[in-house]
Structure formats: C-alpha cells, structure tokens
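Geometric and topological summary
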Amino acid sequence: MSERSQSHAEGWLCPVGALSADHRRGRRPQLLDDSRRELAQPNLTLLEVAYLLGLADPSNFFRAFRRWFAITPGEYRARL
C-alpha cells in the first residue's frame, strides 16, 4: 500500500472495523466522495477499495454504500 493510501486508510480505521458515530456524522461526505473516487479506479478490486477506505471488514463498506446510494459498489462501478 502506498504511503498516501496507508495514511488515508488510517484516518478511517475504527477498532472494530466499522464506522464510529463520529465518522458517520462528521466525515460521511468525505467518505462518500472517497468511495466514489476509489471505485472509479478499475485496477482496484472492491475489497481493496474497502480496505483503502479503512474498513477492516469489507461487508461494512458494501452495506453502507448500498444504504447511501441504493446500489451496490459493484453496480456503481458497472455504471461508470
């Protein structure tokens, strides 16, 4: 993982692998933008995107993304 990606991910990582209440409220817009930007990179798998966003459990990312956008990350990527 690059230095930029690692430091970026560390900013989002929560101890239990889920987004904390502070992240959900205060940083959600940034996480939304970051997730869309990372998904636009076809060389990254969906698992890599979840890890780059700092989530230890990718299923948390998949559920949150579907809740935020009403489509899965894979469906979003296919529409790009």
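If you're wondering where the values come from, they're calculated on a predicted model, not measured in any experiment.

**A word on the packing of helix α3 (residues 28-39) against helix α5 (residues 58-69)**
With their axes 12 Å apart at the nearest point, α3 and α5 run at an angle of 105 degrees to one another. One element, α3, and the other, α5, form an angle in the roughly perpendicular class. In this structure, α3 uses R28, L31, L32, S35, R36 and L39 to contact α5, whose residues at the interface are F61, F65, W68 and F69. Here the contact of α3 with α5 is composed, by residue class, of seven nonpolar, one polar and two charged.

**Some details on the confidence of the model for the protein**
With 66% of its residues at a pLDDT of 70 or more, the protein has an overall mean of 76. The spread of mean pLDDT over the elements of the protein runs between helix α1 (residues 3-12), the lowest at 49, and helix α6 (residues 73-79), the highest at 93. When the criterion is pLDDT under 50, residues 9-17 qualifies, and its contacts beyond four places in sequence or with other chains add up to 24 contacts.

**Some thoughts on α3**
Given a rise of 1.5 Å per residue, twelve residues ought to cover 16 Å, and the 16 Å separating the end C-alpha atoms of α3 matches this to within 8%. Looking only at α3, the buried set comprises L31, L32, D34, S35, E38 and L39. The buried residues of α3 all sit within an arc of 165 degrees when viewed along its axis, so they share a single face.

**Structural notes on the packing of aromatic side chains**
Evaluated as defined, the whole model comprises five aromatic pairs. Consider the rings of F65 and F69, whose centres lie 4.5 Å apart with planes at 45 degrees: the pair is tilted. Of this pair, F65 and F69 both sit in helix α5, separated by four residues, roughly a single helical turn. For F65, a relative accessible area of 0% translates into the label buried. Members of the aromatic cluster, joined through ring pairs, are F61, F62, F65, F69 and Y76.

The rules behind the values
Residues numbered from 1 in each chain as written. Predicted model: local features only at pLDDT ≥ 70, side-chain atom pairs only at ≥ 80, totals over all residues. Heavy atoms only, no water. Axes fitted to C-alpha atoms, helices over the stretch in contact; angles between N-to-C directions. Helix = DSSP H or I, 4+ residues; strand = E, 2+ residues; numbered from the N terminus. Parallel < 35°, antiparallel > 145°, perpendicular 65-115°, else oblique. Contact = heavy atoms within 4.5 Å. Nonpolar A, V, L, I, M, F, W, Y, C, P; charged D, E, K, R; others polar. pLDDT = per-residue confidence, 0-100. Expected span 1.5 Å × (residues − 1). Buried < 20%, exposed > 50% of the residue type's maximum accessible area, 1.4 Å probe, protein only. Arc of directions from axis to C-beta. Phe/Tyr/Trp six-rings, centres within 6.5 Å; stacked < 30°, edge-to-face > 60°.

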